[in-house]
2 protein chains.
Amino acid sequence: MNIKPTAQDIEEAHERVSPYIHYTPVYSSESINKIARAEIFFKCENFQKVGAFKARGGMNAVLSLSDEERQKGVATHSSGNHAQAVALAAQLQGIPAHIVMPSNSAKVKMEAVRGYGANLIECEPTLQAREETLQKVISETGASMIHPYNDYRIIQGQATAAKELIESVNEPLDYILTPVGGGGLLSGTSLSAHYWSNRTQVIGCEPEGADDAFRSFQTKTLVPMVNPDTIADGLRTSLGEKPFDIIKEHVSDILLANDNEIAAAMKMVWERMKIIIEPSAAVPLAVLLRNKELFEGKKVGIIISGGNVDVGSLPF
Amino acid sequence: MNIKPTAQDIEEAHERVSPYIHYTPVYSSESINKIARAEIFFKCENFQKVGAFKARGGMNAVLSLSDEERQKGVATHSSGNHAQAVALAAQLQGIPAHIVMPSNSAKVKMEAVRGYGANLIECEPTLQAREETLQKVISETGASMIHPYNDYRIIQGQATAAKELIESVNEPLDYILTPVGGGGLLSGTSLSAHYWSNRTQVIGCEPEGADDAFRSFQTKTLVPMVNPDTIADGLRTSLGEKPFDIIKEHVSDILLANDNEIAAAMKMVWERMKIIIEPSAAVPLAVLLRNKELFEGKKVGIIISGGNVDVGSLPF
């Protein structure tokens, strides 16, 4: 499939994944609204399976396989939430999963992947080693590659989070803010807003220390990320080509926040909402608080992308 | 009023407070159920106003005042959640609140009390200074004393959390577990179970380092707590007389957990459920995990009492 997801594609993806994922709640906080001078609706994907929206895309990709592909299983490389998402989806469907993870991945994430019954292959912690190891696994097993974001099945799946947010809020949102790393969530969100809430502006939120999407959006040319430096570990990756094509067309802007602002926003959500969110998930609130005048008096949806964080080592 | 709360008293309290408090959600975690080998329903009072169930009792007490009492306002001493609960309730009702707080109270809690417009009176951090200062305030202002637990209006209010839990779960619970400090929550819970889920056993959960309720329950005699030593800061207080009378009649048992077990249970909830709970709120899960054989295969309600914790200083 090589055409951008249609409304029907996303609807079908939603029906496909719904039996296997959580329809996560939307929360608001009076005290954060007061500080932000806006009405914010947080879509809590930290409560999603595997603790992140990645479960949506992983599930949709696995459920979209042909019978022949299912027999040979799936493969991917990831140090984080996508690895768990693909492993869980494969386990639920009873098909093999080969997950290449850099040897410096968090132990708890490697254990989770093994816990889902996946075949975990460790490699050196370089992009080259990851890609070579994955290629070797695929040529040996014939497994289907599931890329974490440069794949329309993934984008369709991630789009379902914003679709649910729009359904849940029941009144027109002025903005939806999401983090942007590889671009799967942002591009999917912008499609869902385009199809079901056309007057809503979608804004990507990125750390200053990994600002390739910002620079790509400004210059209309894909700029890869070199040496990212940010506490938002889920957003260090480079923007993908397929997401970028959609983002150029349907996203209004990409705005930045620095690590201090991200840590402060994360702490604010922990203290005031009593929910655990990871640094990447705090970037949209950090962007909103940095640009208060832009969002003043507006209704703003924020996708809390995940809650996987080492609680023994916090940035505050 | 000096008779134990009836079912009608608790129903009326629930109607009285409902416009001002959150009907908090009940969450489950597949992975914690698997570890515990039980089906656990967590009633999330960490999402309650002021971040704790204390909002229920404080609100009910303030709403139960006569017109004459309202004019003179309310007074209490507390270093924690009860102070905020009474201050918020008084603010919502537009009546004066005088809150005596020990000078070593958490700054953030003192700010919250001031933020609710209460008259905050600092005193030396001893029980004697707290009681003397409060007595002075009451004799000067004529304000009504709202004790944090030794008061039937408070017990009625706290009882509404278990009433909602029983309503939400929709199938008979084998057990309900709550922390026990002064006994307001435990006694109220045991009454709600008695009235609306008679076959449910209610168990109080207490830190080993503040085991006065355990010892009182064993000996059927109120034993005050001297020099409590536990990370569960909300449970260092001594059991009250009125709660104890109810607990003796309606509570099945009181079980203990140590601080290591409490910290581990707290971390488990943070990591697996992505919600912030305070150490006191983790005591029931710690007790359950220490006594797995007792709860194996059972349906267990746990009241997550609160989520007010200094996230910059964690016990793990």
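Reading guide: rules and limits
- Residues numbered from 1 in each chain as written.
- Chains lettered and ligands numbered in written order.
- Predicted model: local features only at pLDDT ≥ 70, side-chain atom pairs only at ≥ 80, totals over all residues.
- Heavy atoms only, no water.
- UniProt positions renumbered as here; feature names shortened; annotations may be inferred.
- Helix = DSSP H or I, 4+ residues; strand = E, 2+ residues; numbered from the N terminus.
- Expected span 1.5 Å × (residues − 1).
- Buried < 20%, exposed > 50% of the residue type's maximum accessible area, 1.4 Å probe, protein only.
- Contact = heavy atoms within 4.5 Å.
- Buried area = accessible area lost by both parts, 1.4 Å probe.
- Salt bridge = Lys/Arg side-chain N within 4 Å of Asp/Glu carboxyl O.
- Polar contact = N/O pair within 3.5 Å; in protein donor to acceptor, adjacent residues only side chain to side chain.
- Nonpolar A, V, L, I, M, F, W, Y, C, P; charged D, E, K, R; others polar.
- Pairing = 2+ DSSP bridges.
- Axes fitted to C-alpha atoms, helices over the stretch in contact; angles between N-to-C directions.
- Least-squares fit on C-alpha atoms with pLDDT ≥ 70 in both.
- Core = buried A, V, L, I, M, F, W, Y, C linked by side-chain atoms within 4.5 Å.
- Phe/Tyr/Trp six-rings, centres within 6.5 Å; stacked < 30°, edge-to-face > 60°.
- Lys NZ or Arg CZ within 6 Å of the ring centre and 35° of its normal.
- Right-handed = clockwise from strand over helix to strand, strands pointing away.

Per an unreviewed UniProt entry, the recorded name for chain A is Pyridoxal-phosphate dependent enzyme, and the organism is Fulvivirga sediminis. In UniProt, chain A has this text filed under Sequence similarities (unreviewed entry): "Belongs to the serine/threonine dehydratase family."

Explain helix α9 (residues 184-196) of chain B to me, please; I cannot follow it from the model alone.
Residues three or four positions apart in an α-helix share a direction because the helix packs 3.6 residues into each turn. Residues and elements named next belong to chain B. Compared with the 18 Å implied by 1.5 Å per residue over 13 residues, the 18 Å span of α9 between its first and last C-alpha is a close match. Counting buried residues in α9 gives ten out of 13 residues, a clear majority hidden from the surface. Looking at α9, one finds that the buried residues are Gly184, Leu185, Leu186, Ser187, Gly188, Thr189, Ser190, Leu191, Ser192 and Ala193.

Before we go on, may I ask you to explain the interface of chain B and chain A in this structure?
The figure often quoted for interface size is the accessible area lost as the parts come together. Each side of the interface is counted separately: chain B has 19 residues, and chain A has 19 residues. Carbon and sulfur atoms make up 61% of the surface buried where chain B meets chain A, a total of about 1,500 Å² over both sides. Its largest share of buried area at the contact with chain A, chain B owes to Lys274(B), Ile276(B) and Val311(B), together 41% of the area lost on that side. Connecting chain B to chain A are two salt bridges. A salt bridge links Lys49(A) to Glu30(B), with the nearest nitrogen and oxygen atoms 3.2 Å apart. At the surface where chain B touches chain A, the tally comes to nine residue pairs in polar contact (both at pLDDT 80 or more). Tallying contributions element by element places helix α12 (residues 259-273) of chain B first for the side of chain B that touches chain A, with four residues. Of the residues in the side of chain B that touches chain A, the class split is ten nonpolar, four polar and five charged.

So what exactly am I meant to see when it comes to the pairing of strand β2 (residues 39-44) of chain A here?
Sheet faces and side chains relate simply in a regular strand, where the side chains alternate between the two faces. Residues and elements named next belong to chain A. Among the six residues of β2, five are classified as buried, and the element is accordingly described as predominantly covered. Of the pairings in the sheet, the one linking strand β1 (residues 26-27) to β2 comprises two bridges and is antiparallel in character. Considered in β2, the bridge of Tyr27 is made with Phe42. As judged from the six bridges shared by β2 and strand β10 (residues 299-304), these two strands associate in the parallel manner. Residue pairing in the sheet places Phe41 in a bridge with Gly301 of β10.

Is there a simple way to explain the sheet that holds strand β9 (residues 253-257) of chain A in this structure?
Consider a sheet: its strands pair through backbone hydrogen bonds, and that pairing is either parallel or antiparallel. Residue and element names in this part refer to chain A. Reading across the sheet, the six strands line up as β1-β2-β10-β7-β8-β9 and stay open at both edges, with mixed pairing between neighbours. Where the open sheet ends on each side, the last strands, each with one partner, are β1 and β9. Sheet contacts for helix α8 (residues 152-169): β1, β2, β7 (175-179) and β10; angle to β2, the most-contacted strand, approximately 130°.

Quick question: what am I supposed to make of the relation of the copies chain B and chain A here?
Copies of the same chain, two in number, are related to each other by a rotation about an axis and a translation along it. Superposing chain B onto chain A requires a rotation of 180° together with a translation of 0.0 Å along the rotation axis, leaving an RMSD of 0.0 Å. Both copies of the chain, as the preceding transformation shows, are related through a two-fold rotation axis. Taking C-alpha positions as the reference, the residue of chain B nearest the rotation axis is Ile275(B), at 2.1 Å. The residues that chain B uses at the interface reappear at the interface of chain A in 100% of cases, marking a shared surface.

Would you mind showing me how to read the pattern of salt bridges here?
Any two side chains of opposite charge can pair if their charged atoms end up close together. Under the defined criterion, the tally for this structure stands at 34 salt bridges over all chains. A salt bridge links Glu171(B) to Lys299(B), with the nearest nitrogen and oxygen atoms 3.2 Å apart. One end of the pair, Glu171(B), is in the loop between α8 (152-169) and β7 (175-179); the other, Lys299(B), is in strand β10 (residues 299-304), and 128 residues separate them in sequence. With relative accessibility at 33%, the residue Glu171(B) sits in the partly exposed group. The salt bridge partner of Glu261(B) is Arg290(B), with a shortest N-O separation of 3.2 Å. You can see Glu261(B) sitting in helix α12 and its partner Arg290(B) sitting in helix α13 (residues 279-290), a full 29 residues away along the chain. Accessibility expressed as a relative area gives 24% for Glu261(B), which makes it partly exposed. Shared partners join several salt bridges into a network, and the residues in it are Lys43(A), Glu45(A), Arg56(A) and Glu164(A).

How do you make sense of the nonpolar core when you look at a structure like this?
In globular proteins that are soluble, nonpolar side chains generally tend to be buried together. Trp270(A) and Trp270(B) are the most contacted members of the largest nonpolar core, which has 78 residues in total. Non-local contacts of Trp270(A), meaning those with residues more than four positions away in its chain, are made with Ile275(A), Ile276(A), Ile277(A), Val309(A), Val311(A), Leu314(A), Phe316(A), Trp270(B), Ile276(B) and Val311(B).

Where do I start with the sheet that holds strand β6 (residues 144-145) of chain A in this structure?
All names here are of chain A. The four strands are arranged β5-β4-β3-β6 in an open sheet whose pairing can be described as parallel. In the strand order of this sheet, the two ends are held by β5 (119-123) and β6, each with one partner. Where strand β4 (residues 97-102) lies against β5, five bridges are found, and the strand directions are parallel. Residue pairing across strands places Ile99 opposite Leu120, the latter belonging to β5.

Quick question: what am I supposed to make of the packing of aromatic side chains here?
Each pair of aromatic rings is reported with the distance of its centres and the angle of its planes. All told, the structure shown has eleven aromatic pairs over all chains when counted by the stated rule. Residues Tyr175(A) and Phe295(A) carry aromatic rings whose centres are separated by 4.9 Å and whose planes lie at 75° to one another, so their mutual orientation is edge-to-face. With Tyr175(A) in strand β7 and Phe295(A) in helix α14 (residues 292-295), this residue pair connects regions lying 120 residues apart in the sequence. Judged by relative accessible area, which is 8%, Tyr175(A) ranks as buried. Here Tyr27(B) and Phe47(B) contribute two aromatic rings whose centre-to-centre distance is 6.4 Å and whose plane-to-plane angle is 75°, an arrangement assigned as edge-to-face. Of this pair, Tyr27(B) sits in strand β1 (residues 26-27) while Phe47(B) is found in the loop between β2 (39-44) and α3 (54-63), placing the two residues 20 residues apart along the sequence. Comparing Tyr27(B) with Phe47(B) shows no difference in burial state: the two are buried. In this structure, Lys220(B) packs its charged tip against the face of Phe217(B), placed 4.8 Å from the ring centre.

Just checking my understanding: could you explain the pairing of β7(B) for this structure?
All names here are of chain B. With five of five residues buried, β7 is to be regarded as a mostly interior element. On β7, burial covers both faces: Tyr175, Leu177 and Pro179 on one face and Ile176 and Thr178 on the other are all buried. Sheet topology note: the β7/strand β8 (residues 201-207) ladder contains five bridges and is parallel. Counted as the bridge partner of Thr178 is Gly204 from β8. With α9 bridging β7 and its parallel neighbour β8, the resulting β-α-β unit is right-handed. Strand direction decides the pairing type here: β7 and β10, joined by three bridges, are parallel. Its bridge partner lying in β10, Leu177 is registered against Ile302.

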